[in-house]
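# Per-entry structural report
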Amino acid sequence: MTAKIIDGKEIAQALREEWRHRAEKLKDKGILPGLAVIIVGDNPASRVYVRNKIKACHEVGLHSESHDMPEDVSEEMLLKQIEELNHSDKIHGILVQLPLPAHIDDVKVLEAISPDKDVDGFHYYNLGALFTGNMKFPPCTPYGVMCMLDYMNIPLEGKEAVVVGRSNIVGKPMAMLLLEKNATVTICTSRTQDLKSHTSRADILVVATGRPEMITGDMIKEGATVIDVGINRLDDGRLVGDVEFASASEKASYITPVPGGVGPMTIAVLVANTVLSAEKFSGM
Ligand code: NDP
């Protein structure tokens, strides 16, 4: 079997068109949805991510602003900046690009963002809302994956879904969203014994470990849907996922590429959440 590619760029484009239309309705009412991105330090990968997020906002006609802070910025200054943005009428979404330098407490920073502007969905309030089935802002990457599965009409109810990775931003919320759709969900971690015994019975396999090409074709069930969240830069400059694409494509029926898979979806959901937030502010 050679897997059908799930084209994240194409699906993200379709999603953006929908949200552009909704943003235009807001503009007709005099409201321009706005996103503020805070970046601390000079991490080159973070800079690329932020640039792409700002660009995506412009493409949909949103206001966006980047707040660059030096690596040695104090936690107090960062919290002050967030507080200002919490009160700004121009801003409907606030995102702090992770990772933050070691001297800054990420949790404190993420909790300082108003839950009403937390378009990444990382605030405890929004995570709690997700876990109780009352999602306000869908977490960008996992929800982007759900949009892909929906777009490709991949059935989830009663299916075996295996998520490899349990981070708060990808693995755990991913598992919750799959559970909401009545999949039977297993979460694997670095401590899982015999990983292959789990991955090889997955109808839907989502991998988010940050370990380049660790899932190989022999670990995949014939006909599975494989979603590769990982983005890893190898020493030779190549960008690869957490799944070995060539061998996995021989077994899967659907697979996401890296790049061009989950990455564009994450950004599309961020834009969607910013418009959603502006709609809520406007009472729409
Ligand atoms: P984290 O490092 O926070 O979490 C990685 C998870 O993988 C941990 O739960 C860890 O287990 C688990 N893990 C590590 N090694 C293994 C192993 N050998 N077997 C099973 N599980 C393992 O990473 P993130 O969730 O933040 O990101 C994961 C990947 O996704 C990265 O490549 C990142 O760049 C990418 N990413 C891509 C995005 C996109 O838009 N496409 C967005 C966000 C992330 P344990 O908890 O036991 O340590």
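Reference entry: report on the structure contained in this document. Quick caveat, the model's predicted, so the values are computed rather than measured.

### Considering helix 1 (residues 8-28)
- Here helix 1 contains 21 residues, and its C-alpha end-to-end distance of 30 Å stays within 8% of the 30 Å for a straight helix at 1.5 Å per residue.
- Of the surrounding elements, those touching the buried residues of helix 1 are helix 2 (44-59), helix 6 (140-151) and helix 10 (262-282).
- Two residues or fewer past helix 1, Gly30 is found with a positive phi of approximately 85°.

### Some thoughts on the packing of aromatic side chains
- Using the criterion set out here, one finds zero aromatic pairs in the structure.
- Across from the ring centre of Phe137, 4.4 Å away, lies the NZ or CZ of Lys280, which sits over that ring.

### Section: the site of the ligand
- In the neighbourhood of the ligand, 22 residues make up the surrounding shell, with Arg166, Ser167, Thr189, Ser190 and Thr266 lying closest.
- Contacts to the ligand include Ser190, whose side-chain N or O atom sits 2.6 Å from an oxygen atom.
- A distance of 3.3 Å separates a nitrogen atom of the ligand from a polar backbone atom of Val229.
- Here the ligand has 930 Å² of accessible area as a free molecule, and 72% of this is covered by the chains.
- At three residues, helix 10 tops the list of elements feeding residues into the shell around the ligand.
- Looking at side-chain class alone, the shell around the ligand contains nine nonpolar, eleven polar and two charged residues.

### Re the sheet that holds strand 8 (residues 225-228)
- Reading across from one edge, 1-11-8-7-5-6 is the order of the six strands in this open sheet, with parallel pairing throughout. Where the open sheet ends on each side, the last strands, each with one partner, are strand 1 (4-5) and strand 6 (184-188).

About the criteria used
- Residues numbered from 1 in each chain as written.
- Predicted model: local features only at pLDDT ≥ 70, side-chain atom pairs only at ≥ 80, totals over all residues.
- Heavy atoms only, no water.
- Helix = DSSP H or I, 4+ residues; strand = E, 2+ residues; numbered from the N terminus.
- Expected span 1.5 Å × (residues − 1).
- Contact = heavy atoms within 4.5 Å.
- Phe/Tyr/Trp six-rings, centres within 6.5 Å; stacked < 30°, edge-to-face > 60°.
- Lys NZ or Arg CZ within 6 Å of the ring centre and 35° of its normal.
- Near = heavy atom within 4 Å.
- Polar contact = N/O pair within 3.5 Å; in protein donor to acceptor, adjacent residues only side chain to side chain.
- Areas by Shrake-Rupley, 256 points an atom, 1.4 Å probe, with all protein chains shown as cover.
- Nonpolar A, V, L, I, M, F, W, Y, C, P; charged D, E, K, R; others polar.
- Pairing = 2+ DSSP bridges.

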